[in-house]
Every structure is written in structure tokens, then in C-alpha cells.
Amino acid sequence: MINCVIIDDEPLAREGIASYVQEIDFLNLVETGENPMALIQLLDEHPIDLIFLDIQMPKMNGIDFLKIVQKPPMVIITTAFPTYALESFQLNVMDYLLKPITFERFVKAASKARDYHQLLLKSVSQDSPKIEKETDYFFIKCGNKYEKIYFNDILYIQGMQNYVVIYTSKGKYMTLLYLKNLEQNLDSHSFIRVHKSYIVAIDKIDAIEGNEISLQSHHIPISRIYREQVLKQVVQNKLWIK
């Protein structure tokens with residue numbers, strides 16, 4: 001799935017693009033908004049892969065936003081003005097859609113973003129350390145020491161920029177590794193992403209209350225984007241109702 005947001009100051013334009021997104025099975029709409037400034041905080045809080053971005057908006061236009069944001073995700077411009085196309089492509093946008101946007105043209109742009117996204121994931125996967133799934137353990141490097149980690153001992157994993165901290169029943173271990181890379185090597189039936197910075201072991205969850213998971217003496221936040229999937233995978237099939 002590609003997590004996407006729509007930024008456009010026209011409500012009807014946002015609704016139209018959102019309706020197209022709902023028709024495409026590999027797109028997941030996270031948020032819509034009318035102000036690109038809201039994107040700055042959103043990009044810090046959620047794993048966003050793609051932005052559908054209008055250009056002429058109050059306070060800040062889309063081009064200015066692309067010039068100031070560091071390492072933006074994929075961007076598809078949605079605008080009524082063709083004059084910004086050259087400048088947009090110089091800023092490495094994926095595609096440039098002129099309003100009114102047909103569904104056929106939208107699918108073509110979204111498919112281009114999907115293909116590029118898959119290419120990025122493949123590249124990251126090739127660069128990341130591979131964990132042998134046939135075994136019940138793996139090794140990580142902590143300083144000058146190689147630590148053996150058993151999958152069954154893991155309580156949760158916290159991402160901290162270029163590092164991860166693995167909390168186990170025996171202690172915690174920090175290693176130089178991206179959380180996304182580690183997640184790709186974990187069994188999705190045993191571990192679940194609950195927040196942009198946290199992955200938890202499903203069988204170690206004691207309770208879910210509000211936007212928080214209780215796990216032994218630990219309390220892990222659940223972000224809004226993951227809450228529905230967490231409840232579905234962790235609770236739904238195990239819930240006893242009289």
C-alpha cells in the first residue's frame with residue numbers, strides 16, 4: 001500500500017481526487033488538507049509515501065513548499081495551470097496532472113508512483129541485512145559485540161532515526177538499523193506496526209486502551225493511521241462477545 005495525502009484549497013477538487021484514490025486498491029488515503037504548511041508536521045508524524053499537491057493556494061503555494069521541505073515523498077502535482085510544469089519537474093515530481101483530471105490519466109500517474117515505490121522498496125530490501133526466517137533467532141551488532149536475539153523474546157521495537165532499540169524479556173539492545181528494514185524481515189503474523197516508531201509482538205500485548213497498548217510494564221502509543229488495522233489483527237478474531 002502507498003500512503004498518500006491530498007493538499008488542495010478547493011473542497012470539490014479534494015473530494016474528486018479522494019474519490020479516485022478510493023477506486024485504486026494500492027492507494028491508502030491518510031489525510032486531506034487545504035494548506036501545505038500542515039504537511040510539514042504530518043510528514044513527521046506519519047509514514048507518507050505520496051502527495052497529491054495543488055500549486056496555487058493561499059499562504060504557501062505547492063512549488064514553494066517543495067523548495068523548502070527536505071527529502072519530500074513522491075509528489076504528483078494537480079493543478080489548473082500548465083505554466084508550472086517545467087519548474088515542477090525540475091523539483092523531481094512524479095507527474096503533472098492538469099485539471100479537470102480524468103480517471104484514466106489519474107490511474108496512469110498513480111501507477112507510475114507505484115512502480116517507483118516498488119523499485120525503492122526493492123533497493124532497500126537488497127541493502128538491508130537478511131534475517132533467516134527458518135531460524136528462531138538472529139544476530140545484531142551492538143557496539144563491538146554481536147548479540148543473539150530470539151524472536152520469542154521480543155516485546156517491542158522502537159525506531160530512532162538511523163537506530164532501532166529492541167526491547168526483549170532479557171533486556172534492550174540498540175543497533176544501527178532502519179526500522180523499515182527490520183520490519184521487512186519480521187513475520188507479519190507475529191509482529192505488527194502500531195506507530196511510525198514502534199513495532200510490537202502481537203502475543204505480548206496485554207491490553208489496548210484508547211490510543212495505547214499495554215505490554216507488561218510498557219505503554220506503547222498507537223497512531224491513528226494504524227489503529228484500525230491493529231484492532232482488526234489483534235482483537236477482532238479473538239474477541240468473545242456474549
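So, how was this worked out
- Residues numbered from 1 in each chain as written.
- Predicted model: local features only at pLDDT ≥ 70, side-chain atom pairs only at ≥ 80, totals over all residues.
- Heavy atoms only, no water.
- Pairing = 2+ DSSP bridges.
- Helix = DSSP H or I, 4+ residues; strand = E, 2+ residues; numbered from the N terminus.
- Axes fitted to C-alpha atoms, helices over the stretch in contact; angles between N-to-C directions.
- pLDDT = per-residue confidence, 0-100.
- Salt bridge = Lys/Arg side-chain N within 4 Å of Asp/Glu carboxyl O.
- Buried < 20%, exposed > 50% of the residue type's maximum accessible area, 1.4 Å probe, protein only.
- UniProt positions renumbered as here; feature names shortened; annotations may be inferred.

Engineer: How should I be thinking about the sheet that holds strand S5 (residues 95–98) in this particular structure?
Structural biologist: Note: strands within a sheet are paired through backbone hydrogen bonds, in either parallel or antiparallel orientation. Sheet architecture is open: five strands sit in the order S2-S1-S3-S4-S5, paired in parallel fashion. Each end of this open sheet is capped by a strand with a single partner; those strands are strand S2 (27–33) and S5. Here the average twist between neighbouring strands, direction ignored, is 20°. Inspection of the sheet shows strand S3 (residues 50–53) paired to strand S4 (residues 74–79) by four bridges, in the parallel sense. The partner of phenylalanine 52 across the bridge, within S4, is isoleucine 76.

Engineer: What exactly am I supposed to notice about the pairing of strand S10 (residues 171–176) here?
Structural biologist: Across a regular strand the side chains alternate sides, sitting on one face of the sheet and then on the other. Across six bridges, strand S9 (residues 163–168) lies against S10 in antiparallel orientation. Counted as the bridge partner of valine 164 is threonine 175 from S10. Joining the antiparallel neighbours S9 and S10 is a turn of two residues.

Engineer: Please explain the sheet that holds strand S13 (residues 207–209) as it appears in this structure.
Structural biologist: Judged by pairing direction, the sheet is antiparallel, and its three strands sit side by side in the order S13-S14-S15 without closing on themselves. In this open sheet, the two strands that pair with only one neighbour each are S13 and strand S15 (218–221). For this sheet, the mean angle separating the axes of adjacent strands, direction not counted, is 25°. Strand direction decides the pairing type here: strand S14 (residues 212–215) and S15, joined by four bridges, are antiparallel.

Engineer: I keep staring at the confidence of the model for the protein chain and nothing clicks. Help me out?
Structural biologist: The predicted structure's coordinates, where accompanied by low pLDDT, should not be read in detail. Overall, the predicted model of the protein chain reaches an average pLDDT of 86, with 94% of residues at or above 70. No element of the protein chain has a lower mean pLDDT than helix H2 (residues 37–45), which averages 74, and none a higher one than S5, which averages 96.

Engineer: Is there a simple way to think about the pattern of salt bridges in this case?
Structural biologist: Opposite charge on two side chains allows them to pair when their charged atoms are near. Counted by the stated rule, this structure contains eleven salt bridges. Aspartate 95 serves as the salt-bridge partner of arginine 105, at 2.7 Å between the closest nitrogen and oxygen. In this pair, arginine 105 sits in helix H5 (residues 103–127) while aspartate 95 sits in strand S5, placing the two residues ten residues apart along the sequence. The shortest N-O distance in the salt bridge between lysine 145 and glutamate 147 comes to 3.4 Å. Taking the relative accessible area as the measure of exposure, glutamate 147 reaches 16% and is therefore buried. The network of salt bridges with shared partners includes Asp8, Asp54 and Lys99.

Engineer: Sorry if this is basic, but what is going on with the UniProt feature "domain: HTH LytTR-type" (unreviewed entry) in the protein chain here?
Structural biologist: What UniProt calls "domain: HTH LytTR-type" (unreviewed entry) maps, in this numbering, to residues 138–236. Note that residues 138–236 is 17% helix and 51% strand, and that its end C-alpha atoms are spaced 31 Å apart.

Engineer: Just to check I follow, could you spell out the pairing of strand S6 (residues 137–142) for this structure?
Structural biologist: Residues Phe138, Ile140 and Cys142 line the buried face of S6, whereas the alternating positions Tyr137, Phe139 and Lys141 sit on a face that is not buried. Pairing geometry for S6 and strand S7 (residues 145–150), over six bridges, is antiparallel. Paired with tyrosine 137 across the two strands is tyrosine 150, which belongs to S7. In textbook terms, the turn of a hairpin is the stretch between consecutive antiparallel strands, and for S6 and S7 this stretch comprises two residues, one of which, glycine 143, has a positive phi near 65°.

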